[in-house]
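Residue-level structural notes
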Amino acid sequence: MSLIRQVLGLLLYAINTLVWFIPIFLMGVIKLLPIAPLQKVASRIAKGCASLWVAGNNLNQSVISPYRLNVSMPETMKAKDWYLVIANHQSWVDILILQRVLHRKIPFLNFFLKKELLYVPVLGLAWWALDFPFMKRTSKSQLKKNPKLRGKDVETTRKACEKFKTMPVSIVNFVEGTRFTEQKHAQQRSPFQHLLKPKAGGIAFVMQAMGEQINQVVNVTIHYPQGTPSFMDFVAGRVGEVNVQVELMPVSADLIGDYSNDSEFRVRFQSELNRLWGQKDQQLVDLVARHGSHQVSAEHHEKSQQS
């Protein structure tokens, strides 16, 4: 049965993606025309198509690979506001969960992408049509050779985000920087039981570039009671339950500053982020106590249940 679900699910994901990718790509072509009002309309149409793509994926999950979704979330979020979304990261499934839980609650989820991805054939234009901000990070070796480049990353990103002054947006950042595994957890000697160490640079960079525009932080904690699933686990219906806790946090002045050059602010920011990560870790400890462990794969869980 799980194989049938897997084949049908993959087929429907592919069809849904193709159906909505074509108009999004066409809107990207239209946006190449240097006509500001036309570009604005094309952006709105592209975002509308992307929202329908998410709706199609959500329907696929409900029909082909259903699971119990337990969500704790405030009712004060708005579809027309500016948010930074942060979450723990265990699987690529996290993105589908975030899209499902936050769909039409806040603006379409955007991710910062490396500027090089803009030149990926076809996909780069589609991401640009959806107004994904492209960022250029200057390496430490480049800064050493040319100190004048310090601060250019933030300025470049700020310019890329100019459009968001009049267009509500949700920017997603996985603060750990990579997916959680027991091996990475051990290598890092992470002080947290269920999380990797948070990387302050990425979120500080976003806040430095867009802090004046972002009104609130959406803090999401994702827990898989039956084990961290792969995408194939998820499509095959091997995920029985997902717990999601969503909190809204105000953007305080303590979160906005020059992370690159202000050492006092950098220490203060890292301390605040570690405090927040400690709270998130405790949430996961409580969820594991109530619902079970989430550190084994869902596929392994299913096999152990059958044996």
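Here's a quick rundown of the structure. (Residues numbered from 1 in each chain as written. Predicted model: local features only at pLDDT ≥ 70, side-chain atom pairs only at ≥ 80, totals over all residues. Heavy atoms only, no water.)

Examining the overall build of the protein
Summing up its helical and strand segments, the protein has 11 helices and 8 strands in all. Taking all contacts inside the protein whose residues are at least 6 apart in sequence as the whole, residues at least 24 apart take part in 76%. By element, 59% of the accessible surface of the protein is carried by carbon and sulfur atoms, the whole surface being about 15800 Å². (Helix = DSSP H or I, 4+ residues; strand = E, 2+ residues; numbered from the N terminus. Contact = heavy atoms within 4.5 Å. Areas by Shrake-Rupley, 256 points an atom, 1.4 Å probe, with all protein chains shown as cover.)

A short note on the packing of aromatic side chains
Describing an aromatic ring pair means giving the distance of the ring centres and the angle of the ring planes. The full count for this structure, using the stated rule, is 8 aromatic pairs. Taking the centre distance of 5.7 Å and the plane angle of 50° together, the rings of Tyr13 and Phe231 count as tilted. Within this pair, whereas Tyr13 is found in helix 1 (residues 2–31), its partner Phe231 is found in helix 9 (residues 231–235), the two being separated by 218 residues in sequence. On the basis of relative accessible area, Tyr13 is assigned to the buried category, the value being 8%. Assessed through its relative accessible area of 33%, Phe231 is described here as partly exposed. These aromatic residues form a ring-pair network of at least three members: Phe108, Phe111, Phe132 and Phe174. Its guanidinium or amino end placed over the ring of Trp128, Lys31 lies 4.8 Å from that ring's centre, counting from NZ or CZ. Of note, Arg266 hangs over the ring of Tyr259, and the distance from its end group to the ring centre comes to 6.0 Å. (Phe/Tyr/Trp six-rings, centres within 6.5 Å; stacked < 30°, edge-to-face > 60°. Buried < 20%, exposed > 50% of the residue type's maximum accessible area, 1.4 Å probe, protein only. Lys NZ or Arg CZ within 6 Å of the ring centre and 35° of its normal.)

Topic: the layout of surface pockets
Estimates place the volume of the largest pocket at around 1500 Å³. Around the largest pocket sit 40 residues that line it, and Trp92, Ile95, Phe111, Leu113 and Phe132 are the ones nearest its centre. The element that contributes the greatest number of residues to the lining of the largest pocket is helix 1, accounting for 5 residues. Residue classes in the lining of the largest pocket are distributed as 28 nonpolar, 8 polar and 4 charged. Taken as a whole, the second largest pocket holds about 570 Å³ of empty space. In terms of lining, the second largest pocket is formed by 24 residues, of which the most central are Lys47, Ala79, Pro107, Phe108 and Pro168. Those elements that place two or more of their residues in the lining of the second largest pocket are helix 2 (36–63), helix 3 (93–102) and strand 3 (109–111). Here the element with the most residues in the lining of the second largest pocket is helix 2; it accounts for 7 residues. Here the residues of the lining of the second largest pocket are counted per class, giving 11 nonpolar, 8 polar and 5 charged. (1 Å grid on protein atoms, 1.4 Å probe; cavity = no way out; pocket = protein on both sides within 12 Å on 5 of 7 lines; lining within 4 Å. Points joined across faces, edges and corners; volume = space filled by probe spheres on them. Nonpolar A, V, L, I, M, F, W, Y, C, P; charged D, E, K, R; others polar.)

Topic: helix 10 (residues 263–291)
Note: α-helices contain 3.6 residues per turn, so residues at a spacing of three or four share the same orientation. Here helix 10 is 29 residues long and its end C-alpha atoms lie 41 Å apart, about the 42 Å a rise of 1.5 Å per residue gives. Contacts from the buried residues of helix 10 go to strand 2 (83–87), helix 8 (200–210), strand 7 (216–223) and strand 8 (241–250). Two or three places before Glu264, at the start of helix 10, stands the capping residue Asp262, its side-chain oxygen 3.2 Å from that residue's backbone nitrogen. Looking one or two places after helix 10, you find Gly292, whose phi comes out positive at around 115°. (Expected span 1.5 Å × (residues − 1). Polar contact = N/O pair within 3.5 Å; in protein donor to acceptor, adjacent residues only side chain to side chain.)

Points about the environment of Ile106
Relative to the elements of secondary structure, Ile106 occurs in the loop between helix 3 and strand 3. Apart from residues lying up to four places away in sequence, Ile106 is in contact with Met77, Lys78, Ala79, Tyr83, Val85 and Ser170.

Topic: the nonpolar core
Judged by nonpolar contacts, the single largest core of 41 residues is most densely connected at Ile97, Leu98, Leu102 and Val220. If near-sequence neighbours (up to four positions away) are discounted, Ile97 is found in contact with Tyr67, Ile222, Tyr224, Phe234, Val242 and Val244. Counting 33 residues, the second largest nonpolar core, distinct from the first, contains Leu84, Val169, Leu273 and Leu287. (Core = buried A, V, L, I, M, F, W, Y, C linked by side-chain atoms within 4.5 Å.)

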